[in-house]
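Breakdown of the fold
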Amino acid sequence: MSMSHKDSEMNEIEAALAAWTPRSPQIDRDRLMFAAGSASHSPAILAGRSLARFLWPVATSFSTAAAIAMAFLLAQDRAGRGPAAEGGVAAQPIAVAAPPVLPPQRSGLSVGSTPLWRETAPLDGTYLALRNQMLNTPVDQWPIPVSLNTDVRRGASAIEDDAALKPSTSRNLLRELLPPEPPVQRGAEPVRRGSPDPAATPAAHITEPHEAIT
Amino acid sequence: MPRPDAELLARLLDQHGGALALYAAQWTDAADDCVQEALVELARQSAEPENAVGWLYRVVKHRALNSARGNSRRREREVEAWRRRLVREGPAADDRTDLLEAVERLPIDQRELIVLRVWGGLSFAEIAEATEVATSTAYRKYQEAIESLRQQWNEPCPCPTKTPK
C-alpha cells in the first residue's frame, strides 16, 4: 500500500469520524462565570498578587539599605585607619632622589688617610644615604659628626674658660662683685654708689669687712 | 502572560466545551462538572498558561480520573455515556456506527488521542501538552490509533453469513 493511499484512507477515517460532533455540555454559563470570578478573587490569589506586587519594592529597598549601611561602615573603617591608609593624595610617596649606591663597608672609618665618613657622606644629606651608611658601619666606629664635635669642643672650652675666670680668693670674688671704689678724699664722708640708704642694701654690711681687709 | 479573564473562559467553553466533556466522559459520567471545575481552575491562575487549550484538557483529564477513581463499576456506563455525547450531522445514510464502535474498542490511550485530534481539533503540540508526552510521541500514537481503526474497518464482518438451505 502506497503512502498516499494510506494517507487518503486516514483522512477518510478522520472525515468519517468528524461526521459526529460532540454535544455541548450542560453547563450554566452564568454560574460558571460567577464561580470563576469568586475563584479569581479568593484570598489566596489576592495574597499571591500582593506578594508579587510588593516583592520587588521590598527587595529593592532592602538591597539599597544594605548598600548604604556597607558604605557607611566602609567610610568609618577608612577614617579609623587614617589618611595614609586611604591611598589618597596623602599616601602618595614623596619624590626623593635616589640615594647613592654605597659599596658594602664592613668596618673602618677610613680608607688610607681619608676618613670614610667624608667619602661616603652624601652631599645632599638625604636620610636614606645617612641610614645606609650607619647600617654599614659598626656602632662603635660611628664617627662623630663635625657639627657635634664642634659643639662638644665648644662646651669643653667653655668649661675651661669658666674655670679660668673663677675667682680664686674671696677678695677676687668681692672685687668682681663690687664696683671699683672711687679715690677716697680725706675728711670727707665716703660716697657710695648705689643706694643712698646704707641700711637698705646689704652692700653696706659688706663694705666694712671690705675696708677692713683693705 | 495576562490573567485569564471572562472572555477567554467563554471562548474556551464555546469552542472546546463539547470536546472537553467528551474527553472527560471517557473516564467519568460527571464530565460536565469536570469541565466546569477545570474552567474555574483556569480562572484561579495568576497568569494564562502558555498553552491554555492543552492545559485545560490536561486538567479535565485529571479531574475525570479523580472522579472515577475507585469505582470500576462505572466503566460500562461511561462508555455508553461517551457514545451518547456524539451526535450525527448529515444524512442518515452515511451513518457509520461501526466506525464509532471501532473507536470504542480502542485502548484508552489511543482513543483519547482520537478524541483530542478529531473532535477537539487540537494540534499535536496541544495534544502533547494535554497527554503530557512528547509531540513526536503523540503523533506516533495517533498514527497507530488510525491504523488500528483502518484495520478494523477493512476487515470482513465477523457476522456469520446466512447460507440458503
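As the structure is a computational prediction, the values presented were derived from the model and not from experiment. By convention here, each chain's residues receive numbers from 1 onward along its written sequence. Labels are handed out in written order, letters beginning with A for the chains and numbers beginning with 1 for the ligands. Where totals are concerned, whole chains, interfaces and linings use all residues; where local detail is concerned, this predicted model gives features only for residues with pLDDT of at least 70, and gives and counts side-chain atom pairs only at 80 or more.

1. Points about the overall build of chain A
Helix and strand counts for chain A stand at eight helices and three strands. The helix count covers DSSP runs of H or I at least four residues long, the strand count covers runs of E at least two residues long, and both are numbered beginning at the N terminus. Listing each helix as α and each strand as β along chain A from the N terminus yields α-β-α-α-β-β-α-α-α-α-α. The exposure label follows from counting other C-beta atoms within 10 Å of a residue's C-beta, where the C-beta atoms are placed from the backbone and the thresholds are 20 or more for buried and 12 or fewer for exposed, leaving partly exposed in between. Here chain A, with 214 residues, has 5% of them falling under the buried criterion. Remark: residues whose backbone-derived C-beta atoms lie within 7 Å of one another are considered to be in contact. Contacts spanning at least 24 positions in sequence make up 45% of the contacts within chain A whose residues lie at least 6 apart.

2. Points about the packing of helix H2 (residues 29–40) of chain A against helix H1 (residues 6–24) of chain B
Lines fitted to the C-alpha atoms define the axes, with helices restricted to the stretch that makes contact. Angles between their N-to-C directions range from 0 to 180 degrees. Where H2 of chain A contacts H1 of chain B, the axes come no closer than 11 Å and their chain directions differ by 140°. On the basis of the axis angle, H2 of chain A is oblique to H1 of chain B. The crossing of H2 of chain A and H1 of chain B is right-handed. The residues of H1 of chain B that touch H2 of chain A, namely those facing Arg29, Met33 and Ala36 of chain A, are Ala6, Leu9 and Leu13 of chain B. As a working rule, the residues Ala, Val, Leu, Ile, Met, Phe, Trp, Tyr, Cys and Pro are called nonpolar, Asp, Glu, Lys and Arg charged, and the rest polar, with Gly in that last group. For the contact of H2 of chain A with H1 of chain B, the residue count by class is five nonpolar, no polar and one charged. For classification, angles of less than 35 degrees are called roughly parallel, those exceeding 145 degrees roughly antiparallel, those between 65 and 115 degrees roughly perpendicular, and all remaining angles oblique. Throughout, a crossing is termed right-handed when the near helix is turned clockwise from the far one, and left-handed when it is turned anticlockwise from it by less than a right angle.

3. Describing the packing of helix H7 (residues 124–131) of chain B against helix H8 (residues 135–154) of chain B
Residues and elements named next belong to chain B. At a closest axis distance of 8 Å, the pairing of H7 and H8 adopts a crossing angle of 100°. With respect to H8, the element H7 is oriented roughly perpendicular. Taken together, the residues of H8 that come into contact with H7 (itself represented by Phe124, Ala125, Ile127, Ala128 and Thr131) are Thr135, Ala138 and Tyr139. Grouping the amino acids of the contact of H7 with H8 by side-chain chemistry returns six nonpolar, two polar and no charged.

4. Describing H8 of chain B
Residues and elements named next belong to chain B. Helices are assigned an expected span. That span is 1.5 Å times one less than the residue count. Spanning 20 residues, H8 covers 29 Å between terminal C-alpha atoms, matching the ideal 28 Å at 1.5 Å per step. Residues Ala138, Ala145, Ile146 and Leu149 constitute the buried set of H8. Along the axis of H8, the buried positions cluster into a sector of 95°, meaning they face one direction only. Exposed positions of H8 whose direction lies more than 90 degrees from the buried face are Ser136, Gln151 and Asn154. Taking the helix axis as origin, the arc is that swept by the directions to the C-beta atoms.

5. So, the environment of Gly54 of chain B
All names here are of chain B. As for its position among the elements, Gly54 is in helix H3 (residues 52–68). The spatial distance from the C-alpha of Gly54 to the C-alpha of Glu132 is 9.3 Å, given a sequence separation of 78 residues. Look past the residues within four positions of Gly54 in its chain and what remains in contact with it is Leu122, Glu126, Glu129 and Ala130.

6. So, the interface of chain A and chain B
Taken together, the contacts link 27 residues of chain A with 35 residues of chain B. No other element matches the seven residues that H2 of chain A contributes to the side of chain A that touches chain B.

7. A closer look at the nonpolar core
For soluble globular proteins, the rule of thumb is that nonpolar side chains tend to be buried together. A set of buried Ala, Val, Leu, Ile, Met, Phe, Trp, Tyr and Cys residues, joined to one another through C-beta atoms within 7 Å, is what we call a nonpolar core. Formed by 47 residues in total, the largest nonpolar core has its most connected members in Ala24 and Val60 of chain B. Tallying contributions element by element places H1 of chain B first for this core, with eight residues.

8. Brief notes about the confidence of the model for chain A
All names here are of chain A. Residue-level confidence of the predictor is summarised by pLDDT, bounded by 0 at the bottom and 100 at the top. Of the residues in chain A, 45% reach a pLDDT of 70 or more, and the chain-wide mean stands at 70. Residue range residues 107–111 is modelled with pLDDT below 50. Its contacts to residues more than four positions away, or to other chains, number 13 contacts. A low-confidence stretch, residues 200–210 stays under pLDDT 50, and its non-local contacts, those more than four residues away or across chains, total eight contacts.

9. As for unusual backbone geometry
Even without a glycine there, the phi angle at Glu132 of chain B is positive, about 60°. For Glu132 of chain B, the position within the fold is in the loop between H7 and H8.

10. Comments concerning H3 of chain B
Residues and elements named next belong to chain B. The first and last C-alpha atoms of H3 sit 24 Å apart over 17 residues, in line with the 24 Å expected at 1.5 Å per residue. Inspection of H3 places Ala52, Val53, Gly54, Leu56, Tyr57, Val59, Val60, Lys61, Arg63 and Ala64 among the buried residues, and these make up the whole buried set. Elements in contact with the buried residues of H3: H1, helix H2 (31–44), helix H6 (108–119) and H7.

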